[in-house]
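# Chains, contacts and geometry: an overview
Take a look at the letters that make up each chain.
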Amino acid sequence: MQDERGLIEDARSLGGDYYLLKIAAPRNAGAAKPGNFVMVRVSPSFDPLLRRPLGILESRPPYIWLYYQARGRGTRMLAALGPGDSLDILGPLGNSFPEIPGKRVLLIAGGRGIVPLFHYAQVYAERRPLLLLYGGRTRADLQLLDRIKALRLQALFIFSEDGSLGQKGLLTDGLERIVREERADVTLSCGPEAMLARLALMLKGRSLENHASLEALMGCGFGVCHGCAVRTVSGTYRKVCDEGPVFPLEEIQWPT
Amino acid sequence: MQDERGLIEDARSLGGDYYLLKIAAPRNAGAAKPGNFVMVRVSPSFDPLLRRPLGILESRPPYIWLYYQARGRGTRMLAALGPGDSLDILGPLGNSFPEIPGKRVLLIAGGRGIVPLFHYAQVYAERRPLLLLYGGRTRADLQLLDRIKALRLQALFIFSEDGSLGQKGLLTDGLERIVREERADVTLSCGPEAMLARLALMLKGRSLENHASLEALMGCGFGVCHGCAVRTVSGTYRKVCDEGPVFPLEEIQWPT
Amino acid sequence: MADLSVDLGFRVLKSPLITASGTFGYGEEFLPFYDLDILGAIVMKGIFRDPRPGNPPPRLHETPAGLLNSIGLAGPGSAALQEIIRRLHARTAVPIIVNVCGEDDEEFAEVAALFSAMDEVAMLELNISCPNVRQGGACPAQDAGHTARLVRQVKDRVRKPLIVKLSPNAVDIVAVAQAAQDSGADALSLVNTFLGMAVDITTRRPVFANVYAGLSGPAIKPLALRLVREVCRRAYVPVIGMGGIASGHDVLEYFLVGAAAVQIGTINFREPAAALRITGEIEAEMERLKIKSLSEIRGQLQA
Amino acid sequence: MADLSVDLGFRVLKSPLITASGTFGYGEEFLPFYDLDILGAIVMKGIFRDPRPGNPPPRLHETPAGLLNSIGLAGPGSAALQEIIRRLHARTAVPIIVNVCGEDDEEFAEVAALFSAMDEVAMLELNISCPNVRQGGACPAQDAGHTARLVRQVKDRVRKPLIVKLSPNAVDIVAVAQAAQDSGADALSLVNTFLGMAVDITTRRPVFANVYAGLSGPAIKPLALRLVREVCRRAYVPVIGMGGIASGHDVLEYFLVGAAAVQIGTINFREPAAALRITGEIEAEMERLKIKSLSEIRGQLQA
Ligand SMILES: Cc1cc2nc3c(=O)[nH]c(=O)nc-3n(C[C@H](O)[C@H](O)[C@H](O)COP(=O)(O)OP(=O)(O)OC[C@H]3O[C@@H](n4cnc5c(N)ncnc54)[C@H](O)[C@@H]3O)c2cc1C
Ligand SMILES: Cc1cc2nc3c(=O)[nH]c(=O)nc-3n(C[C@H](O)[C@H](O)[C@H](O)COP(=O)(O)OP(=O)(O)OC[C@H]3O[C@@H](n4cnc5c(N)ncnc54)[C@H](O)[C@@H]3O)c2cc1C
Ligand SMILES: Cc1cc2nc3c(=O)[nH]c(=O)nc-3n(C[C@H](O)[C@H](O)[C@H](O)COP(=O)(O)O)c2cc1C
Ligand SMILES: Cc1cc2nc3c(=O)[nH]c(=O)nc-3n(C[C@H](O)[C@H](O)[C@H](O)COP(=O)(O)O)c2cc1C
Ligand code: FES
Ligand code: FES
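By convention here, each chain's residues receive numbers from 1 onward along its written sequence. For naming, the first written chain is A and the first written ligand is 1, with later ones following in the order written. Given that this is a predicted model, residues contribute local features only at a pLDDT of at least 70 and side-chain atom pairs are listed and counted only at 80 or more, while totals for whole chains, interfaces and linings are drawn from all residues. Just so you know, side-chain values use all the structure's heavy atoms and leave hydrogens and water out.

Elements are defined by DSSP. Helices are runs of H or I of four residues or more, strands are runs of E of two residues or more, and each kind is numbered from the N terminus. When you go through chain A residue by residue, the secondary structure sums to 6 helices and 16 strands. Dimensions along the principal axes, computed over C-alpha positions, put chain A at roughly 50 × 40 × 35 Å. For every residue, the accessible area obtained with a 1.4 Å probe (protein chains only) is divided by the maximum for its type, and the residue is called buried under 20%, exposed over 50%, and partly exposed between those limits. Looking at chain A as a whole, 59% of its 256 residues are labelled buried. For chain A, long-range pairs separated by at least 24 residues make up 66% of all intrachain contacts whose partners lie at least 6 apart in sequence. For accessible areas, the Shrake-Rupley method is used with a probe of radius 1.4 Å. Any residue's cover is judged against the shown protein chains and nothing else. Taken as a whole, chain A presents about 10300 Å² of accessible surface, with 47% of it coming from carbon and sulfur. This count recognises Lys and Arg as positive and Asp and Glu as negative, with His and chain-terminal groups excluded. Charged side chains are reduced to one point each, which is NZ for Lys, CZ for Arg, CG for Asp and CD for Glu. Counting 32 positive and 27 negative side-chain charges, chain A places the centres of these two groups 1 Å from one another. Should any heavy atoms of two residues lie within 4.5 Å, those residues are counted as being in contact.

Moving on, we come to the sheet that holds strand S4 (residues 41-43) of chain C. Residues and elements named next belong to chain C. Strand pairing is assigned whenever DSSP detects at least two bridges linking the two strands. Strand order in the closed barrel formed by 8 strands is S3-S4-S7-S8-S9-S10-S15-S16, and the pairing between neighbours is parallel. On average, each strand axis in the sheet is tilted by 25° relative to the strand beside it, whichever way the strands run. By the bridge criterion, 2 bridges tie S4 to strand S7 (residues 96-100) in an arrangement that is parallel. Note on S7: the bridge partner recorded for valine 43 is isoleucine 97. Interaxial angles span 0 to 180 degrees and are taken between N-to-C directions of axes, which are lines fitted to C-alpha atoms, for helices over the stretch in contact.

Here we take up the site of ligand 1. Looking at ligand 1, there are 20 residues lining it, with Arg52, Pro53, Gly74, Thr75 and Glu215 of chain A nearest. Any residue with a non-hydrogen atom lying within 4 Å of a molecule or strand is treated as near it. Residues within reach of ligand 1 are spread across chains A and D. Note that an oxygen atom of ligand 1 is positioned 2.7 Å from one of the side-chain N or O atoms of arginine 52 of chain A. For this analysis, a polar contact is any N or O atom pair within 3.5 Å, provided that within protein one partner can donate a hydrogen and the other can accept it, and provided that sequence-adjacent residues contribute only side-chain to side-chain pairs. Threonine 75 of chain A is positioned with one of its side-chain polar atoms (N or O) 2.4 Å from an oxygen atom of ligand 1. Calculation on ligand 1 without its partners gives an accessible area of 840 Å², and the protein chains cover 80% of this total. Mapped by element, the contributors of at least two residues to the shell around ligand 1 are strand S4 (52-55), strand S6 (63-69) and helix H2 (73-79) of chain A.

Right, let's talk about the sheet that holds strand S9 (residues 162-165) of chain D for a bit. Residue and element names in this part refer to chain D. Spatial ordering of the closed barrel is given by S3-S4-S7-S8-S9-S10-S15-S16, a layout of 8 strands whose pairing is parallel. In this sheet, neighbouring strand axes are inclined to one another by 25° on average, regardless of whether the strands run parallel or antiparallel. As defined by bridge partners, strand S7 (residues 96-100) adjoins strand S8 (residues 123-127) across 4 bridges and the pair is classed as parallel. Directly across from asparagine 99, in S8, lies its bridge partner glutamate 125. The strands touched by helix H5 (residues 221-234) within the sheet are strand S10 (187-190) and strand S15 (239-242), with S15 carrying the most contacts at an inclination of about 170°. Strands strand S3 (17-19), S15 and strand S16 (261-264) of the sheet are contacted by helix H6 (residues 248-256), whose axis makes an angle of about 140° with S16.

The subject of this paragraph is the packing of helix H2 (residues 105-116) of chain C against helix H3 (residues 144-157) of chain C. Residue and element names in this part refer to chain C. Direction vectors running N to C along H2 and H3 enclose 30°, while the axes themselves pass 9 Å from each other. Between H2 and H3, the crossing angle belongs to the class labelled roughly parallel. Regarding H2 and H3, the two cross each other, and that crossing is right-handed. Residues Asp105, Glu106, Phe108, Ala109, Glu110, Ala112 and Ala113 of H2 touch H3, and the partners they reach there are His146, Leu150, Gln153, Val154 and Arg157. Grouping the constituent residues of the contact of H2 with H3 by class yields 6 nonpolar, 2 polar and 4 charged. Here roughly perpendicular refers to angles of 65 to 115 degrees, roughly parallel to angles under 35, roughly antiparallel to angles over 145, and oblique to all remaining angles. The hand of a helix crossing depends on one turn: near helix anticlockwise from the far one by less than a right angle means left-handed, and clockwise means right-handed. All residues other than Ala, Val, Leu, Ile, Met, Phe, Trp, Tyr, Cys, Pro, Asp, Glu, Lys and Arg, Gly among them, are scored as polar; the first ten of these are nonpolar and the last four charged.

All names here are of chain B. Because side chains alternate across strand S4 (residues 52-55), one face comprises the buried residues Arg52 and Leu54, and the other comprises Pro53 and Gly55, none of which is buried. Here strand S3 (residues 37-41) pairs with S4 via 4 bridges, running antiparallel. For valine 40, the partnering residue across the bridge sits in S4 and is arginine 52.

Now for the state of the cysteines. Residues and elements named next belong to chain B. Cysteine sulfur atoms that pair up within 2.5 Å are treated as a disulfide. Scanning the model with the defined rule gives 0 disulfides over all chains in all. Cysteine 190 takes part in no disulfide bond, and the closest cysteine sulfur to it belongs to cysteine 228, at a distance of 15 Å. The exposure class assigned to cysteine 190 is buried, which follows from its relative accessible area of 7%.

Listed as interface residues are 42 residues of chain D and, on the opposing side, 42 residues of chain C. Note on definitions: buried area is the accessible-area loss of two parts on being combined, 1.4 Å probe, summed for both. Between chain D and chain C, roughly 3700 Å² of surface is buried when both sides are summed, and carbon and sulfur atoms account for 68% of that area. Ranking the residues of chain D by area buried against chain C places Ile201, Arg204 and Arg226 of chain D at the top, with a combined share of 20%. Whenever a carboxyl oxygen of Asp or Glu lies within 4 Å of a side-chain nitrogen of Lys or Arg, that contact is scored as a salt bridge. The interface formed by chain D and chain C holds 0 salt bridges in total. Remark: the boundary between chain D and chain C carries 12 residue pairs in polar contact (both at pLDDT 80 or more). Those elements giving two or more residues to the side of chain D that touches chain C turn out to be strand S11 (194-196), strand S13 (205-206), H5, H6 and helix H8 (274-288) of chain D. By residue number, the principal contributor to the side of chain D that touches chain C is H5 of chain D, which donates 6 residues. Along the lines of polarity and charge, the residues of the side of chain D that touches chain C split into 27 nonpolar, 6 polar and 9 charged.

Note that the residue after glycine 91 of chain B, namely proline 92 of chain B, is joined by a cis bond; omega there is -10°. Inspection of the secondary structure assignment puts proline 92 of chain B in strand S7 (residues 86-93). Note the cis peptide between proline 57 of chain C and proline 58 of chain C, where omega equals 0°. Tracing the backbone shows proline 58 of chain C in the loop between S4 and strand S5 (60-63). Non-glycine residue aspartate 17 of chain A carries a positive phi angle of around 70°. Position of aspartate 17 of chain A among the secondary structure elements: in the loop between strand S1 (2-15) and strand S2 (18-24). The class for aspartate 17 of chain A is partly exposed, based on a relative accessible area of 36%. Phi at arginine 152 of chain B takes a positive value of approximately 65°, unusual for a residue other than glycine. The class for arginine 152 of chain B is exposed, based on a relative accessible area of 62%.

Residues and elements named next belong to chain A. Segmenting chain A into domains produces domain 1 (2-93) and domain 2 (105-215). At the junction of the two partners, domain 1 supplies 19 residues and domain 2 supplies 18 residues. Around 1500 Å² of area is buried between domain 1 and domain 2 when both sides are counted, 58% of it from carbon and sulfur atoms. Per-residue buried area on domain 1 facing domain 2 is highest for Pro34, Leu57 and Tyr67; these three make up 40% of the total on that side. Across the pair arginine 147 and glutamate 58 runs a salt bridge, and its minimum N-O distance is 3.5 Å. The start and end points of each domain follow an automatic or database-based domain assignment.

Right, let's get into the site of ligand 3. Residues and elements named next belong to chain C. Around ligand 3, the surrounding shell holds 23 residues, and the nearest of these are Ser21, Asn99, Lys165, Gly244 and Thr266. Contact distances for ligand 3 include 3.0 Å between an oxygen atom and a backbone N or O atom of valine 191. Relative to its unbound accessible area of 610 Å², ligand 3 is 97% covered by the protein chains. Grouping the constituent residues of the shell around ligand 3 by class yields 7 nonpolar, 15 polar and 1 charged.

This part is about the relation of the copies chain D and chain C. The atoms used to superpose the copies are C-alpha atoms, taken from residues with pLDDT of at least 70 in both, and the fit is least squares. Expressed as a screw transformation, the operator carrying chain D onto chain C has a rotation angle of 180° and an axial translation of 0.0 Å, and the superposed copies differ by an RMSD of 0.0 Å. Taken together, the rotation angle and the small translation identify this as a two-fold axis. Most of the interface of chain D is mirrored in chain C, where 100% of its interface residues are also at the interface.

Written out as structure tokens, the structure reads:
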């Protein structure tokens, strides 16, 4: 874990509120594992006061790539930065997705949830067959397709709610069939809470091993503020930042 | 007076904390008079909360130029902006230097105090002889010399405290002689408070007409907060933003 | 378009947005930026009987997301303000509220009576809560007993609706609020600025001659919102909420805790047309939340 | 290099900088960022007798230059903390302060006694001011009488220096400070967080299950500085100032109003190595102002 001054090499707007950043951050880049995230200080100003957690899309030392949606105050300020600007980057943080060799792994990504799964695929796709189920509201939520196609996945299933790309519908509509036909042993997922909750319900009682990467409000990102608590089925809280962000899907108490 | 979204066309660092901005701001540019200033919102963030007052260096519709020193929190954020960024610009604000036709006018500028006097010279130098006495701590405080030389002034006297440019010393060291030899009728000045206070003392009781542009903390810049008060010799307060920033030098109660 | 009007009981305002005293000059200064008629009302800068020079500079100090001020209620005195109000009233139909100040109870009553008699004035706001008059920030609103006496005395002399403006620096703001309404206040407004300070470490002096100054701006919003909620829970007269409002979202938060209208202050300095933007944001939020009138959500916090 | 040491009377600290409870975990988490030995002391996250799960999420809400928190003192309980302290003490010589909490007076005394008996613990800080334990933000520090009783009871059971941490939400913080020192507190620390709130306008619910939460960060600095000054004017025991500190400049402001040491809180979240930077800034300011020791400026505000 390092707090380093990263240098933005490239910053692009991809449309639909999505942005891609390439940052020279050698220490983070050298240590990043799929599932890790960083805490980014978007401005020298105290407003916003806190850093923003962002997953690592890809890491090829000395660079890391971030892919994010600019919606709120902080991410919009981030979107105003360009090449040559510097950025304080604390990371890599959190745990990572398990490697699970020898299993058939299905990656399930909703919108910007693609980030840690892309990273996973980038690291492991050469070593074993990976499947990706990728969904969003509209085609604007499904960026990076060129890069994804270059990953040598065994299969790619795309869903959009409005049918503007891939099959029309929620990605969960396709889950049942894909799990069955592709004989997946493991799911690794990331996406909106409602999507993960639905996955948990659908995968319950099956023999698959399921890991999900969660989002939570974060004060610090390294375990000291206890702001990022998530409730588990046993009624206790876990810290998403340092006990997660990846948890067994079954362990989390999903909203109903 | 307009609050308009200006677009930065060019932003350059001149060395020694000094920056030059060229901004497309047609409404401000069209109305600006020498001595006017603008209130610039440096960031969408609430920290800093207030805008920053900056003089108008030059105005050639649709552009205005700002020349400023990045020292504190707000001006440093301003310095981070570049071409393509936009900036809320409220102005033109304040009164302006009187034209005073038919008189021999001596402009006296300390450091960044050059701003409104440059504007004055740019507008009036073609019409009548102007003299400029320009001083700073070191040559870094005396930027824009090329542009100043292009103004067709009748005479230019340069002082630096460390002797790195022009004569060595405070500009007030040269004042006595210049006023006498050049037979100035009017002085228009802008610079640090200590410099203006010294000028007031030196010019007291002489027959010259003297106008100075003042700096003050500003909350609004358009007369509503009463934050920019300056004490006059009669013991009352004047608002620098809308009753100034230009005042008769004798009217102000200078610190002793 | 959404209906922005709000009902204070004694008067309907066409918008919940009122511009706060001391942050809107005498209204005229904002005419270049938008039609004041979009506002529910405007509050004039605080006024005493006689002209006042105000405090020596510095009078402002910027803090993170906040502003400390020690203006000291500089102003031209009541007679001059009457002139200004007549002039302004000729140019705009926006209801005018006079922010009444006094060095002592008698002055409060006298100034209030003077403006109560003006047709051009819609309401009075009794500024018993300015921290910048006396050193240390003392003011009548710090004490329920004093507030009760003062409000009764003023109420006896005026015919216009009387809003009493409360201080967040009171030992017990809810007690002061109760004293004010029980003594005849037609509405309450809060908060005025929070006492704060800053130090010049080079000179080893306080930044302000009065040592303390009043903090306003977005920094105080979470604190002010809580105080407004506390007061709303006990108030039977309408409460006008303020403190750090900078967006339509902020306005709706104040309504949910029980405010019947709001005032915007410091944001006017940063953004002269803030009220115009915020009006649009309120409409947009109402549409998003499918609310026809702000009365639907007033006090509807599910806590 | 400047001498940063400060004398609390009962103990000399090598730096005025102490890391504030709840914002520094149990110290270990910061070992990757700098040598904790540069600090005057560290305060552990508040501890109760038994493990506590803490409040349901959301527990944080960001405000302009501020942070609302309602963590609810999640923690592993006293026995587990004792283990953590032994482990940490083996890795660093920095003095360790335990932030003692309790649901009732007896629990406060019991937890205090437990940690007072540990050699690895340098001092105790009695957290009588946490707004997040009970709904509405009630705590012993809101009342001078309760504070006096509690402090006496705890003092009887401990042998370590006892710092009492005060709440800015007290009706009269100076009275509570006096009660604490008269009852045996060896030092006072303030401020804990200010009560504030936020509303989710979509659900019409308060953001926090407890409705109110505690505001910290740069937004509160002007308010906290004023309260620290008020307490310092009446205190005969050393006062540890805090609230929004983010720079060496801020630290010197607190010293000028009378603080004998300071704590830094929320800034640690934003910038894990904040203490390292601020230490350098204090040295630089001391050099600029030609001060050899912070005692030269402590309480030297010319007001
Ligand atoms: C481990 C982790 C990894 C993430 N990776 C990515 C990523 O790769 N790409 C991406 O676009 N987004 C990612 N997010 C979500 C991202 O952090 C939020 O969208 C972002 O913080 C919102 O900030 P804002 O300034 O735009 O919103 P604001 O509304 O201004 O935020 C206000 C506050 O809420 C917090 N917040 C708001 N929404 C979220 C959220 N969904 N999750 C966490 N905090 C939130 C902010 O951090 C801030 O404290 C990740 C979140 C976590 C926890
Ligand atoms: C009418 C007028 C015209 C000006 N023109 C220019 C110009 O053309 N070029 C230029 O470099 N500077 C100019 N200044 C000064 C400039 O406004 C300040 O340097 C700037 O506001 C400092 O902001 P900061 O964020 O760097 O400093 P900070 O220290 O972060 O500022 C904190 C607060 O102090 C105020 N402040 C600090 N120093 C000054 C000062 N000297 N005058 C006014 N307010 C101050 C800031 O506005 C802010 O409210 C002018 C000032 C005035 C009043
Ligand atoms: C510069 C300044 C001057 C003020 N003058 C007055 C005043 O004359 N009378 C008054 O009742 N309140 C006065 N206030 C307080 C505001 O009306 C308002 O209560 C406070 O600023 C909080 O709102 P805000 O955070 O939106 O600014 C003043 C505030 C500021 C910043
Ligand atoms: C997330 C969080 C948790 C806190 N937990 C505690 C605590 O356990 N005990 C305590 O005495 N104070 C606690 N505090 C208060 C801080 O120690 C400090 O008093 C306050 O945050 C003000 O300082 P700051 O503005 O520098 O953060 C907590 C503050 C925060 C932000
Ligand atoms: S974000 Fe602070 S503990 Fe997880
Ligand atoms: S800056 Fe507000 S009145 Fe001059």
